[in-house]
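Overview (structure and organization)
In case you want the letters, here they are:
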Amino acid sequence: MLSDFLIFAHPAFGVLAILATTWLLVEAMNANATNGFRLRKAAWSVAFFMVLALLFGGQWYVVYYPIEKAVILKGPWPFAHNFFMEVKEHLFFIPLILSLYLPIIVSRNKLETNLGARKIVITICSIIIGLSLFIEGAGAIINEGAKISYKQTNMQGEQK
Amino acid sequence: MSKDIQQIDGISTAFGVSAVITLILNTLLAIAKDLYPPLQKMMASLSTHHWITHAIFDIVIFFALGYFIYLTKSTKTINSDQLVRWLYSSIFVSVSGLVGWFFFV
């Protein structure tokens, strides 16, 4: 039950982090004298959702994933773990660190007048969105790797 | 200095440089613990799991290094365009390092 909650909460917070980053990207591209508060709120939202994705995903990965890993490795898609999970579990730290940096740069610089700071925020948002979408996709492949393996095991069991 | 190259504040520059370094260290640590299992075991012994230690390492390095770089005032000459270039380079190195390592090894 807790495993099911964690497995849905983790990508859900990941998606919310992507949406918050897209919101920040749009606010930064249209930075003006009136949207400073929204910029800061969006930057903090990105960091908040990314940390929640880390906590929920981390809890699931450490406690429940070892069983699923063994299942995936016995199935027809071992690359779901050997490549996609291995890359995903370390690649995740890149958007995490960048998301922790966003509130710092957004809070300390006026993006409507400082084009340099705006350029950095836009760059970081683009990187976070791109990498996070890859991570979401990798999560789907890992899930499929486990599902295919479970199906195969069930079919073998029925044949016996 | 062209109009769009503007200096950002010292703390943002310091933590930006810290992010650049942390991302590369993250990739190096991922490869090192895969290459050398005793390191992975040692990291696992520091918390309940090597991945938790890795996460703590990255977060602590980012904030500690950012604060240290800020204290040294060594980033005064860095402008935003340089930081953007460093960010792209560090992303390229860290992503291709991770993808390349786990694809070929």
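Here, every reference points to the structure presented above.
First, a word on what this report is: a plain description of the structure on this page.

Cut-offs used in this document
Residues numbered from 1 in each chain as written. Chains lettered and ligands numbered in written order. Predicted model: local features only at pLDDT ≥ 70, side-chain atom pairs only at ≥ 80, totals over all residues. Heavy atoms only, no water. Helix = DSSP H or I, 4+ residues; strand = E, 2+ residues; numbered from the N terminus. Rg over C-alpha atoms; globule rule 2.2 N^0.38 Å. Buried < 20%, exposed > 50% of the residue type's maximum accessible area, 1.4 Å probe, protein only. Contact = heavy atoms within 4.5 Å. Areas by Shrake-Rupley, 256 points an atom, 1.4 Å probe, with all protein chains shown as cover. Lys, Arg positive; Asp, Glu negative; His and termini not counted. Charge placed at Lys NZ, Arg CZ, Asp CG, Glu CD. Salt bridge = Lys/Arg side-chain N within 4 Å of Asp/Glu carboxyl O. Core = buried A, V, L, I, M, F, W, Y, C linked by side-chain atoms within 4.5 Å. Buried area = accessible area lost by both parts, 1.4 Å probe. Axes fitted to C-alpha atoms, helices over the stretch in contact; angles between N-to-C directions. Parallel < 35°, antiparallel > 145°, perpendicular 65-115°, else oblique. Left-handed = near helix turned anticlockwise from the far one by under 90°.

Turning next to the overall build of chain B. Each helix and strand counted, chain B has four helices and zero strands in total. Taken over C-alpha atoms, the radius of gyration comes to 16 Å for chain B, far larger than the 13 Å a tight globule of 105 residues would show. For chain B, the C-alpha atoms occupy an extent of roughly 50 × 30 × 15 Å along the three principal directions. Counting across all 105 residues of chain B, residues that qualify as buried make up 47%. A sequence separation of at least 24 residues applies to 78% of the contacts in chain B between residues at least 6 apart. Accessible surface for chain B amounts to roughly 5,600 Å². Of this, 73% is attributable to carbon and sulfur atoms. Side chains of chain B carry 6 positive and 5 negative charges; the gap between the two charge centres is 6 Å.

The next thing to look at is the overall build of chain A. Each helix and strand counted, chain A has six helices and zero strands in total. Reading chain A from its N terminus to its C terminus gives the helix and strand order α-α-α-α-α-α. Compactness check: chain A gives a C-alpha radius of gyration of 19 Å against a globular reference of 15 Å for 160 residues, more than 25% above the reference. Each of the three principal axes of chain A carries a C-alpha extent, and together these read 70 × 25 × 20 Å. Burial status across chain A gives 52% buried among its 160 residues. For chain A, contacts bridging at least 24 residues in sequence account for 78% of all contacts bridging at least 6.

Our focus in this paragraph is the pattern of salt bridges. According to the stated counting rule, one finds four salt bridges over all chains in the structure shown. Measuring nitrogen to oxygen at the nearest pair gives 2.6 Å for the salt bridge that ties Asp9(B) to Arg108(A). Here the residue Asp9(B) occupies a position in the segment before helix H1 (10-35), and Arg108(A) occupies one in helix H5 (residues 93-108), the pair thus bridging two chains. Where Asp81(B) meets Lys119(A), a salt bridge forms, and the shortest distance between an N and an O atom there is 2.7 Å. Note that Asp81(B) is positioned in helix H4 (residues 80-104) and Lys119(A) in helix H6 (residues 115-159), a pairing that runs across two chains. Judged by relative accessible area, which is 16%, Asp81(B) ranks as buried. Assessed through its relative accessible area of 26%, Lys119(A) is described here as partly exposed.

It is worth spelling out the nonpolar core at this point. Formed by 79 residues in total, the largest nonpolar core has its most connected members in Leu24(A), Leu98(A), Tyr101(A), Ile120(A) and Val121(A). Residue contributions to this core peak at 13 residues, all from H6(A).

Next up on the list: the interface of chain A and chain B. Contacts between the two partners involve 33 residues from chain A, matched on the other side by 39 residues from chain B. Interface area for chain A against chain B, summed over the two sides, is near 3,200 Å², with a carbon-plus-sulfur share of 77%. By the criterion of area lost to chain B, the three top residues of chain A are His90(A), Phe93(A) and Ile97(A), representing 18% of everything that side buries. Applying the counting rule to chain A against chain B returns two salt bridges. Elements represented by at least two residues in the side of chain A that touches chain B include exactly helix H2 (36-63), helix H4 (79-91), H5 and H6 of chain A. Here the side of chain A that touches chain B gets 10 residues from one element, more than from any other, and that element is H5(A).

Packing of H6(A) against H4(B) leaves a shortest axis separation of 8 Å and a crossing angle of 15°. In terms of their interaxial angle, H6(A) and H4(B) are classed as roughly parallel. Note on packing geometry: the crossing formed by H6(A) with H4(B) is right-handed. Contact residues: Gly116(A), Lys119(A), Ile120(A), Thr123(A), Ile124(A), Ile127(A) and Leu131(A) in H6(A); Ser80(B), Asp81(B), Leu83(B), Val84(B), Leu87(B), Tyr88(B), Ile91(B) and Val95(B) in H4(B).

Right, let's talk about the environment of Gly16(B) for a bit. By the secondary structure assignment, Gly16(B) is in helix H1. Judged by its relative accessible area of 1%, Gly16(B) falls in the buried class. Considered as a pair, Gly16(B) and Ser80(B) are 64 residues apart in the sequence and their alpha carbons are 9.6 Å apart. With residues up to four places along the chain from it excluded, the contact list for Gly16(B) reads Tyr101(A) and Leu83(B).

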